[in-house]
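So you can see what is in the structure, the chains are spelled out below.
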Amino acid sequence: MRMYDIIEKKQLGNALTEEEINFFVHGFTVGKIPDYQMSALLMAIYFQGMNGVEQAALTKAMVQSGEIIDLSQISGIKVDKHSTGGVGDNVSLIAMPIVASLGVPVAKMSGRGLGHTGGTIDKLESIPGFHVEMTNKQFYDLVNKNKLAIIGQSDKLTPADKKIYSLRDVTATVSSIPLIASSIMSKKIAAGADAIVLDVKTGAGAFMKDYASSKQLAEAMVTIGKQVNKTTVAIISDMSQPLGNAIGNALEVKEAIETLKGIGPKDLTEIVIKVASEMIVLANKTTNIDIAREMVKETLENGKALDMFYLFVQSQGGDAEIIYHPDQLPQAKYTHTIYAEQSGYISELIANEIGVAAMMLGAGRVTKDSVLDLSAGILLHKKVGETVKKDEPLLTLHYNTVSNENLTSIIKKINNSIRISSEKPEMNPLIYEIIR
């Protein structure tokens, strides 16, 4: 078998066999296939696409390139949740304890954030003492005991995906939907969950900016799930504006706690309830999504989800008293509030621009080696569709080490991302569609 023939076959728009896909994934991972040939194949896939069978084969080949986590030592149906990333997206922090409090084991493997998309582990590490370093056995034991634990993603998972992604990043093929779908699903499958709920974001702050592309990605991932016998559900949700009011690690933890107490932002609460309800159904706690929704709302109202978060934080070395004393979370030395220059309706809050501004304040990583400022970020006081009066606060920046020059640039970026109009804007749906 020759790589040349595989490249030519895909250039002509023909489907690759599982054998051919295994050949190039393995060959590239172990260094037998050079970058220039793999680049040519990636470009052919970018233009010609892949069918569902090809995508499943590519996913399985990347899963088999490294370690596969065996969660069979954990009793019950393990349901994982993944978001394609956004701004102010702290859904996992809230959904995990909700689901665990209802008896669903959540064995979460998570990575760290890059750019303006925050990582769940980064956020949790803003809690003093919280850590994710443990052996796999300790991880399994903790989930069996408490129903919930989180661990850092192993470097041994899907090495083929890491190597292929590095090449995609420099060959302008990152946006290929078959390659995105296979990349995401390979990591989720290798992490060992029995079922997966995907939160696929769409809009300015999402990886996929338009609904059609987001739906195509969601359908591709659900199809892959079916092909590899992993029950998968995708929720397509809005990310044209930031989710909730907080952007930044400690700020998002505080907001997550507020949401678990039943006083969180309306949009964030609704997404959390939807995601958690789908997880409950996939775990076979009920077959009725409406009953699952009532179960989720009840565990929020009776405080059991909050109690689970306390136990979760405490069991991983964190100071769980922050639930009652959120002022113990890292706090920035400086704040700067931006005020409305006119009265009207908030018609636009461009999520990616606000996310980049938060990153510039220190809340996100510019490179993998960047050091986060866990206290930095942005707190929104107004959301799209709400009225605002002239000189009323729009948002507040939280920061420590930003120069005056950079602060001026950040403020300009934010001002350019906010629109105020005289008429109430047409609102995007919070949840567009569920793909099963």
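Position numbers for residues count from 1 along each chain, tracking the sequence in the order it is written. Per-residue local features of the predicted model are confined to residues with pLDDT of at least 70, and side-chain atom pairs are confined, for both listing and counting, to 80 or more; whole-chain, interface and lining totals are unaffected and use all residues. Where side-chain values are given, they derive from all heavy atoms of the structure, hydrogens and water being excluded.

**Remarks on the packing of helix 5 (residues 91-101) against helix 14 (residues 304-315)**
As a reminder of what qualifies: All axes here are fitted lines through C-alpha atoms, helices being fitted over the stretch that makes contact, and every angle between N-to-C directions spans 0 to 180 degrees. Numbering of helices and strands runs from the N terminus, with a helix taken as a DSSP run of H or I at least four residues long and a strand as a DSSP run of E at least two residues long. Each angle gets one of four labels, with under 35 degrees taken as roughly parallel, over 145 as roughly antiparallel, 65 to 115 as roughly perpendicular, and the rest as oblique. Contact definition: two residues touch when any of their heavy atoms are within 4.5 Å.
Direction vectors running N to C along helix 5 and helix 14 enclose 105°, while the axes themselves pass 8 Å from each other. Between helix 5 and helix 14, the angle falls in the class roughly perpendicular. Across from Leu93, Met96, Pro97, Ile98, Ala100 and Ser101 in helix 5, the residues of helix 14 making contact are Lys304, Ala305, Met308, Phe309 and Phe312.

**Focus on unusual backbone geometry**
This is how the line gets drawn: Only protein chains enter the accessibility calculation, which uses a 1.4 Å probe. A residue is then buried if its area is under 20% of the maximum for its type, exposed if over 50%, and partly exposed in between.
You will see that threonine 158, though not glycine, has its phi angle at about 40°, which is positive. By the secondary structure assignment, threonine 158 is in the loop between strand 3 (148-152) and helix 8 (159-170). Look at threonine 158 and you get buried, because its relative accessible area is 0%. In the Ramachandran plot, asparagine 284 falls in the positive-phi region, its phi being about 65° despite a non-glycine side chain. Within the fold, asparagine 284 resides in the loop between helix 12 (266-282) and helix 13 (289-301). Here asparagine 284 falls in the exposed class, since its relative accessible area comes to 57%.

**Topic: the nonpolar core**
Operational definition: Nonpolar core, defined: a set of buried Ala, Val, Leu, Ile, Met, Phe, Trp, Tyr and Cys residues in which side-chain atoms within 4.5 Å join the residues together.
Counting 83 residues, the largest nonpolar core has Ile98, Ile127, Phe309, Phe312, Ile378, Leu397 and Ile414 as the members making the most contacts within it. Counting residues per element, this core draws most heavily on helix 12, which supplies 10 residues. Of all hydrophobic cores here, the second largest spans 36 residues; its members include Ile74, Ile184, Ala220 and Ala234.

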